[in-house]
Amino acid sequence: MRVTPQIDYPGVFAALPSPCLVLGTDLVITAANQAFCEVTGRSRAELLGQYLFDAFPDNPADPEADGVETLKESLHRVLSTGQTDHMALQKYDIPVPDNPEVFKERWWTAINVPVLGPDGRVAWIIHRSEDMTDVVRAHRTAHQSAFSPGREAAMEAELYARARQLQQLNEELRQAHARERRVAVALQEAMLHSPDLARHPNIAVRYLPATGSLNVCGDWYDAVDLPADRFTVAVGDVVGHGLSAATVMGRLRSALSAATRTVHGPAQALEVLGLYARSVEGALAATAVQVLVDGHSCLLVYSSAGHPPPVLLHPDGSWDLLDQATDPPLGARPEHIPRPQANTSYTPGDTLVLYTDGLIERRGEDIDTGLARLTSTLATCTEFGAEHLADALLARLGLASGANDDIAIVVVRLDRTTRPY
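Residues numbered from 1 in each chain as written. Predicted model: local features only at pLDDT ≥ 70, side-chain atom pairs only at ≥ 80, totals over all residues. Heavy atoms only, no water.

As named in an unreviewed UniProt entry, the protein is Protein phosphatase, taken from Streptomyces monashensis.

Have a look at this one:
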């Protein structure tokens, strides 16, 4: 009887000629092969355990750098869909070894491949990249390059094959997705667009529609800049999924954004929103919470309309729930009654986390159990930046690939001066 030898999979991975990483669902590097170490000039010891975008940030000297954003979007598509994602050629400079303040130009193509666990959810992501810098430079200068013709031909073939793969995948997507889905995605992105959010690099947001939905949902987030070094962050939740819930969500989110700019404080903003919700079909059971961050006095002012309490996480792992100003959901009261408002101080270095109930609720489980799970998980993430914390939170709660309910998250790293200007 012939015995099939066991394959040394770690050895195979280490010997792969293409640069490869294995990422956890929190986008932390768990493995790197020799080819990846050689092309980036980094050792395995330097890479393992690092959040990918801490190890490879955007080039601060390039105002048009979008490598982090583009790669992050691809990885999140893999996590949410469980499907392989092919990336087109992109510029993504990397730090010079032993001199992280200096970046060198690099052009890459990449494929991100999910590895599913026993439960069918994404457990790991294999990130395979190819350094196409020499090809780009050769075409840019339009003269004979310094590398061998054989290597140039191989890279040209790789670039052509990758372009063909992308063309084929795009055609399959066009055929597979109905017009309703395309319209739904565009609608959701338009309704969640927040111009003020772009001015806050210390804020991270995440939006995950319920598994199996049209990629639209009734959860939302928002950020609004106010005078005197203040801004608000908010999350809300409309009952249901799909286009009808998203339509209600868009109306409520716009109304709250407008009210925030014209009234004084979260309580008054939610009062206005509650009055408006009474006239919007499907909005009576909607919930929302808003927190005003005063960067000058290090004060948080908040109010909640039937929403789970935000968490104020401290650097030592302790936390406080912002649960002292909770009221019924929007539009639930037949008569107008002023909504409560509370405030608490924060210390620079604290982290504020707002979320919707899909993050904590599980079928047949008490909400206090979900809150305990959330806070204990946050206590393990105190040293993370906002983006890393958002990814780690979803991964450690087992939600990186989505859940049965919609999820929206806002993470704010709080400093004395919270704006970048």
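1. Focus: a nonpolar patch on the surface
Together, Ile7, Tyr9, Val12 and Leu16 give the surface a local cluster of nonpolar side chains, amounting to about 400 Å² of exposed area. Mapped onto the elements, Leu16 comes out in the loop between helix 1 (9–15) and strand 1 (20–24). (Patch = residues over 30% accessible without salt bridge, like charges linked within 9 Å, V, L, I, M, F, W, Y side chains within 5 Å. Areas by Shrake-Rupley, 256 points an atom, 1.4 Å probe, with all protein chains shown as cover. Salt bridge = Lys/Arg side-chain N within 4 Å of Asp/Glu carboxyl O. Helix = DSSP H or I, 4+ residues; strand = E, 2+ residues; numbered from the N terminus.)

2. Quick notes on unusual backbone geometry
For Asp98, which is not a glycine, the phi torsion comes out positive at approximately 70°. Position of Asp98 among the secondary structure elements: in the loop between strand 4 (94–96) and strand 5 (99–104). Relative accessible area serves as the criterion here: at 80%, Asp98 is assigned to the exposed category. (Buried < 20%, exposed > 50% of the residue type's maximum accessible area, 1.4 Å probe, protein only.)

3. A closer look at the nonpolar core
Ranked by size, the top nonpolar core spans 47 residues in total, and within it Val233, Leu252, Val291, Leu300, Leu352 and Val410 carry the most contacts. Considering each element in turn, this core owes the most residues, eight residues, to helix 9 (residues 242–260). The next biggest cluster of nonpolar side chains, apart from the first, holds 27 residues, and it includes Leu27, Tyr51, Leu79 and Ala400. (Core = buried A, V, L, I, M, F, W, Y, C linked by side-chain atoms within 4.5 Å.)

4. Some details on the packing of helix 9 against helix 10 (residues 266–277)
Running from N to C, helix 9 and helix 10 cross one another at 145°; their axes reach a closest spacing of 9 Å. When the axes of helix 9 and helix 10 are compared, the crossing they make is right-handed. Here Arg251, Leu252, Ala255, Leu256, Ala259 and Thr260 of helix 9 come into contact with helix 10, specifically with Ala269, Leu270, Val272, Leu273, Tyr276 and Ala277. (Axes fitted to C-alpha atoms, helices over the stretch in contact; angles between N-to-C directions. Left-handed = near helix turned anticlockwise from the far one by under 90°. Contact = heavy atoms within 4.5 Å.)

5. Some thoughts on the packing of aromatic side chains
In this description, an aromatic ring pair is defined by two values, namely the gap between the centres and the angle between the planes. Taken as a whole, this structure holds two aromatic pairs when the rule is applied. With a centroid separation of 5.8 Å and an interplanar angle of 85°, the aromatic rings of Phe36 and Phe56 are classed as edge-to-face. Residue Phe36 is located in helix 2 (residues 34–40), and its partner Phe56 is located in the loop between helix 4 (52–55) and helix 5 (67–81); the two are separated by 20 residues in the primary sequence. Each member of the pair Phe36 and Phe56 is classed as buried. The cationic tip of Arg42 hangs over the ring face of Phe56; the distance from NZ or CZ to the ring centre is 5.1 Å. Here the guanidinium or amino end of Lys72 rests over the ring plane of Phe53, the centre of that ring lying 5.1 Å away. (Phe/Tyr/Trp six-rings, centres within 6.5 Å; stacked < 30°, edge-to-face > 60°. Lys NZ or Arg CZ within 6 Å of the ring centre and 35° of its normal.)

6. Side note on the sheet that holds strand 2 (residues 29–32)
Taken in spatial order, the five strands of this open sheet run 2-1-7-6-3, and their pairing is antiparallel. Edge positions in the sheet fall to strand 2 and strand 3 (85–91), since each has one partner strand and no second. Across the sheet, the mean angle from the axis of one strand to that of its neighbour is 20°, orientation sign disregarded. As defined by bridge partners, strand 3 adjoins strand 6 (residues 107–116) across five bridges and the pair is classed as antiparallel. (Pairing = 2+ DSSP bridges.)

7. Examining a negative patch on the surface
On the surface, Glu64, Asp66, Glu69 and Glu73 cluster together to form a negatively charged patch. Here Glu69 lies in helix 5. On the accessibility criterion, Glu69 (49% relative accessible area) is partly exposed. (Lys, Arg positive; Asp, Glu negative; His and termini not counted. Charge placed at Lys NZ, Arg CZ, Asp CG, Glu CD.)

8. Examining the sheet that holds strand 18 (residues 407–413)
The strand order 8-18-17-13-14 describes an open sheet built from five strands, whose pairing is antiparallel. Two strands close off the open sheet at either side, each with one partner strand: strand 8 (203–208) and strand 14 (319–321). Strand-to-strand twist across the sheet, computed as the mean angle between neighbouring axes with direction ignored, equals 15°. One ladder, built from three bridges, connects strand 13 (residues 311–313) with strand 14; its direction is antiparallel. Paired with Leu312 across the strands is Asp320, a residue of strand 14. In the packing of helix 11 (residues 367–378) onto the sheet, the strands contacted are strand 13, strand 14 and strand 17 (351–355), and the crossing angle to strand 13 comes to about 25°. In the packing of helix 12 (residues 386–396) onto the sheet, the strands contacted are strand 8, strand 13, strand 17 and strand 18, and the crossing angle to strand 8 comes to about 30°.

9. Brief notes about the pattern of salt bridges
Under the criterion given, the structure shown has 15 salt bridges. Here Glu387 makes a salt bridge to Lys72, at a shortest N to O gap of 3.1 Å. Residue Glu387 is located in helix 12, and its partner Lys72 is located in helix 5; the two are separated by 315 residues in the primary sequence. Ionic pairing is found between Asp222 and Arg253, a salt bridge with its closest N-O pair at 3.3 Å. Residue Asp222 is located in strand 9 (residues 217–226), and its partner Arg253 is located in helix 9; the two are separated by 31 residues in the primary sequence. According to the relative accessible area criterion, Arg253 is buried, its value standing at 7%. Connected through shared salt-bridge partners, Lys72, Arg206, Glu387 and Asp391 make up one network.

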